[in-house]
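Descriptive structure summary
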Amino acid sequence: MEIVLEHVSKSYQDRHTVKRAVEDVSLRFTSGVWGLLGANGAGKTTLMRMICGIMKPTGGRISYDGVEIGQLGDAYRSIIGYLPQEFGFYPEFTVQQYLEYLSAMKGMSAGQARSKIDELLVRLSLEEVRKKRIIKLSGGMKRRVGIAQALLNDPEFLVLDEPTSGLDPGERVRFRNLLSEFAQDRIVLISTHIVSDVEYIATQNAIMKDGKILQTGTTQELVRQMQGKVFEGYAAPQELHKWEKKVRIVNLRNEADGGVSLRYIGKQEDMPGAVLKEPRLEDLYLHLFPSGNYFETTDAEKSEK
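I will try to describe carefully the structure that is included in this document. Worth saying up front: this structure is predicted, and the values here are computed from it rather than measured.

With respect to the environment of Ser31
With respect to the helices, strands and loops of the structure, Ser31 is situated in the loop between β2 (17-29) and β3 (32-37). Sequence-wise, Ser31 and Ile80 are 49 residues apart; in three dimensions their C-alpha atoms are separated by 14 Å. Each residue touching Ser31, except ones within four places of it in the same chain, is listed here: Met1, Asp185, Arg186 and Ile187.

Digging into a nonpolar patch on the surface
There is a patch of nonpolar side chains on the surface, built from Tyr90, Tyr101 and Met105 and spanning about 340 Å² of accessible area. Along the chain, Tyr90 falls in the loop between β6 (80-83) and α4 (95-105).

Concerning the environment of Thr30
Summarising the element assignment, Thr30 is placed in the loop between β2 and β3. Overall, the relative accessible area of 25% leaves Thr30 in the partly exposed class. Discounting chain neighbours no more than four positions away, the residues touching Thr30 are Met1, Glu2 and Ile187.

Here we look at the packing of α4 against helix α6 (residues 139-151)
Between α4 and α6, the shortest axis-to-axis distance is 10 Å and the interhelical angle comes to 25°. The angle between α4 and α6 places the two elements in the roughly parallel class. Regarding α4 and α6, the two cross each other, and that crossing is right-handed. Along the contact surface, α4 presents Val95, Tyr98, Leu99 and Leu102, while α6 presents Val145, Ala148 and Gln149.

Describing the side chain of Ser261
Locating Ser261 in the fold gives a position in strand β13 (residues 260-265). Polar side-chain contacts of Ser261 include one of 2.5 Å to the side chain of Glu255. Excluding anything up to four places from it in sequence, Ser261 contacts Glu232, Gly233, Tyr234, Asn251, Leu252, Arg253 and Glu255.

Examining the sheet that holds strand β14 (residues 275-276)
Taken together, the four strands give an open sheet; going across it, the order is β12-β13-β11-β14, and neighbouring strands pair in antiparallel fashion. A single partner strand is all that each edge strand has here, and the edge strands are β12 (248-254) and β14. Where strand β11 (residues 230-235) meets β14, two bridges bridge the pair, whose relative direction is antiparallel. Paired with Phe231 across the bridge in β14 is Leu276.

Here we look at α6
Its 13 residues place the ends of α6 19 Å apart at the C-alpha level, agreeing with the 18 Å of an ideal helix rising 1.5 Å per residue. Among the 13 residues of α6, ten are classified as buried, and the element is accordingly described as predominantly covered. The set of residues buried in α6 consists of Gly140, Arg143, Arg144, Val145, Gly146, Ile147, Ala148, Gln149, Ala150 and Leu151. As for α6, its buried residues are in contact with β6, α4, α5 (110-123), β7 (157-161) and α7 (169-182).

A few points about the sheet that holds β7
The sheet built from six strands is open, its strands ordered β6-β7-β8-β3-β9-β10 with mixed pairing. The strands lining the two open edges of the sheet, one partner per strand, are β6 and β10 (212-217). When the angles between neighbouring strand axes are averaged without regard to direction, this sheet yields 15°. As paired strands, β3 and strand β8 (residues 187-192) are joined by six bridges and run parallel to one another. Bridge pairing in β8 places Val33 opposite Val188. The sheet contacts of α6 involve β6 and β7, and relative to β6 the element is tilted by about 165°.

Focus on the nonpolar core
Ranked by internal contacts, the top residues of the largest apolar core, which has 52 residues, are Leu160 and Val188. With sequence-adjacent residues up to four places away left out, Leu160 is seen in contact with Met48, Leu83, Ala150, Phe175, Leu179, Val188, Leu189, Ile190 and Ser191. Grouped together as the second largest cluster of nonpolar side chains are 28 residues, Trp34, Met50, Cys52 and Ile69 included.

Definitions and cut-offs
- Residues numbered from 1 in each chain as written.
- Predicted model: local features only at pLDDT ≥ 70, side-chain atom pairs only at ≥ 80, totals over all residues.
- Heavy atoms only, no water.
- Helix = DSSP H or I, 4+ residues; strand = E, 2+ residues; numbered from the N terminus.
- Contact = heavy atoms within 4.5 Å.
- Patch = residues over 30% accessible without salt bridge, like charges linked within 9 Å, V, L, I, M, F, W, Y side chains within 5 Å.
- Areas by Shrake-Rupley, 256 points an atom, 1.4 Å probe, with all protein chains shown as cover.
- Salt bridge = Lys/Arg side-chain N within 4 Å of Asp/Glu carboxyl O.
- Buried < 20%, exposed > 50% of the residue type's maximum accessible area, 1.4 Å probe, protein only.
- Axes fitted to C-alpha atoms, helices over the stretch in contact; angles between N-to-C directions.
- Parallel < 35°, antiparallel > 145°, perpendicular 65-115°, else oblique.
- Left-handed = near helix turned anticlockwise from the far one by under 90°.
- Polar contact = N/O pair within 3.5 Å; in protein donor to acceptor, adjacent residues only side chain to side chain.
- Pairing = 2+ DSSP bridges.
- Expected span 1.5 Å × (residues − 1).
- Core = buried A, V, L, I, M, F, W, Y, C linked by side-chain atoms within 4.5 Å.

Set out below in structure tokens:
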């Protein structure tokens, strides 16, 4: 089982110019968890909508086991579970009614639907709200209902767009464990800008920026390029603003003595007494997607230009 993207692009006409949301993307998805990492606006949602057959590419080809997905039609849709960033529901629907409705839409028998809904409500801790209207639920619970509907038809290919939005840390851990178990012989594609969602469970990662795939690989392969570039130094609180301008700070940690430990990307000599640290996927992500005051061009970078 594999989903193959060959030189896929998506363009939009914007007044007098053509804008490319996705540009020349080639990927091959096989069984396991795949992370699609990128900042908001990178083109992830557009790419996922094309992969699901909701939107047609303006260039390139998407195929499932060698057959173009447009030719497969309903047969392709029947193997997909999809959770968009925002999923729609009728305001009067309870959780139970909504899942029963979507089970019928997916062509499941009443017996199959009943059994699967009961299972998912338990696994996603929704059993106590099954008769409650979705509109009355918290954001995190609504997200869990969305996850449940994506899993209803036991899909071969599960596509999740920012799935942990609104979930608390405990729910995120349970959700990641559920996905790891689910992906044994299936393809799970998670689009996210929250690195921890995929850092430990993804078989492969693809990093997307400005509509293009920058890099692909396992977490270990991707992180390797940051070896020797991540350090931790110590600063007095009154010096923090100075170091924000000098180094690329990844994390700050207040210490008991009133000082601040800085995890930064750069060189050991950038901060006196800095210690080399083992890099993480988050370090690479923040290196590729600089944003905020901490990631303005530093003094060291200016001197290199």
